[in-house]
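Coordinate analysis (summary)
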Amino acid sequence: MRQRLAEEYLRLLREGTEERASFISDELFYLFRELGSRARLGRWTPEEEVHERRLQPDDIEVVLRMAEETEGPASVDLVRYWLERQPQGFGVFRSVSTGETVAFTGRLVLPAPPDPQDLATAPVVAAAWEYTAATAPVSPGEHIAMTRFSIYPDRYQAPSRVIDLSNSRAQGEAVRARSRAHGFVIYQDADAWAERLKGVMHDTGARPRVGEHSRVRTSVRPPRTTSP
């Protein structure tokens, strides 16, 4: 029964709307919850529940303030940079119980060959391209996907409902994507997240610095796909 449900969820992921992708992925994770990693607890109180929506212009000030208070000015500059280049990859999370905006994420799609300006501006992105070149180079027409920002000030760098939903959306996008060669998730606390994601994602070992912080990148590379 569980296998049939998993196959149906995967079909819905491939064929359903983008808006439903994270919720379907969430159900799929729950179906196999006893096999999950310590990064994904899957048990949250009603007060911890959040919902995601696309970033709107009036969210930008709040997003920049969150980046400032958790990661400092260097991160704020990078959030601004990617908001200008890929605003469609950003989402904000509101508390279900209060309606307050409590977190944001930023997911990037980086086509090959890499943009020289990205390499010069964004140390984490540059390190990702270095890793792919050394392991499994990305061919022209393919891309890498990256969850670059996942900032929830009240539970910064800790397992949370925000990270659950963000990872669900990233996994849903991985199933739906064409020509995706690598996927990366960025965390600051290298040792903690490498342990939490052990057996689920691979720690690249890279620790690029952004301001006062270093970042751990964990990656998973699914089989390459091509557009039909």
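Below: a short report on this structure. Computed from a predicted structure; not experimentally measured. (Residues numbered from 1 in each chain as written. Predicted model: local features only at pLDDT ≥ 70, side-chain atom pairs only at ≥ 80, totals over all residues. Heavy atoms only, no water.)

A few words on the overall build of the chain. When helices and strands are counted, the chain shows eight helices and nine strands. Within the chain, the proportion of its 228 residues that are buried is 48%. The contacts of the chain with a sequence gap of at least 6 include a subset with a gap of at least 24, amounting to 73%. A total accessible area of about 11600 Å² is found for the chain, and carbon and sulfur atoms account for 52% of it. (Helix = DSSP H or I, 4+ residues; strand = E, 2+ residues; numbered from the N terminus. Buried < 20%, exposed > 50% of the residue type's maximum accessible area, 1.4 Å probe, protein only. Contact = heavy atoms within 4.5 Å. Areas by Shrake-Rupley, 256 points an atom, 1.4 Å probe, with all protein chains shown as cover.)

For the rest of this paragraph, the subject is the pattern of salt bridges. Applying the stated criterion across every chain yields a total of seven salt bridges. Residues E49 and R161 are paired through a salt bridge, measuring 3.1 Å at the closest nitrogen-oxygen approach. Residue E49 is found in the loop between α2 (18–31) and β1 (50–54), and its partner R161 is found in helix α7 (residues 161–176); the two are separated by 112 residues along the sequence. The exposure class of E49 is partly exposed, given its relative accessible area of 25%. Measuring nitrogen to oxygen at the nearest pair gives 3.7 Å for the salt bridge that ties D77 to R80. Here R80 and D77 lie together in helix α4 (residues 73–85), a separation of three residues that amounts to about one turn. Looking at R80, the relative accessible area reads 42%, which means it is partly exposed. Via salt bridges that share partners, R85, D115 and D118 belong to a single interconnected network. (Salt bridge = Lys/Arg side-chain N within 4 Å of Asp/Glu carboxyl O.)

If you walk through the whole model with that rule in mind, you get five aromatic pairs. Here the aromatic rings of Y131 and F184 are separated by 6.0 Å at their centres, their planes lie at 85°, and the arrangement is edge-to-face. Within this pair, whereas Y131 is found in helix α6 (residues 123–135), its partner F184 is found in strand β5 (residues 180–187), the two being separated by 53 residues in sequence. With respect to burial, Y131 and F184 carry one shared label: buried. What links up through ring pairs into an aromatic cluster is the set F90, F104 and F149. The ring of F149 carries the charged tip of R148 above its face, separated from the ring centre by 4.5 Å. (Phe/Tyr/Trp six-rings, centres within 6.5 Å; stacked < 30°, edge-to-face > 60°. Lys NZ or Arg CZ within 6 Å of the ring centre and 35° of its normal.)

Right, let's talk about the pairing of strand β4 (residues 143–151) for a bit. For β4, the tally of buried residues reaches nine of nine residues, placing the bulk of the element in the interior. When strand β3 (residues 101–111) meets β4, the two strands line up antiparallel, connected through eight bridges. Across the sheet, the residue bridging to L110 is I144, located in β4. With five bridges connecting them, β4 and β5 associate as parallel partners. Each residue of the ladder has a partner; that of I144, found in β5, is H182. (Pairing = 2+ DSSP bridges.)

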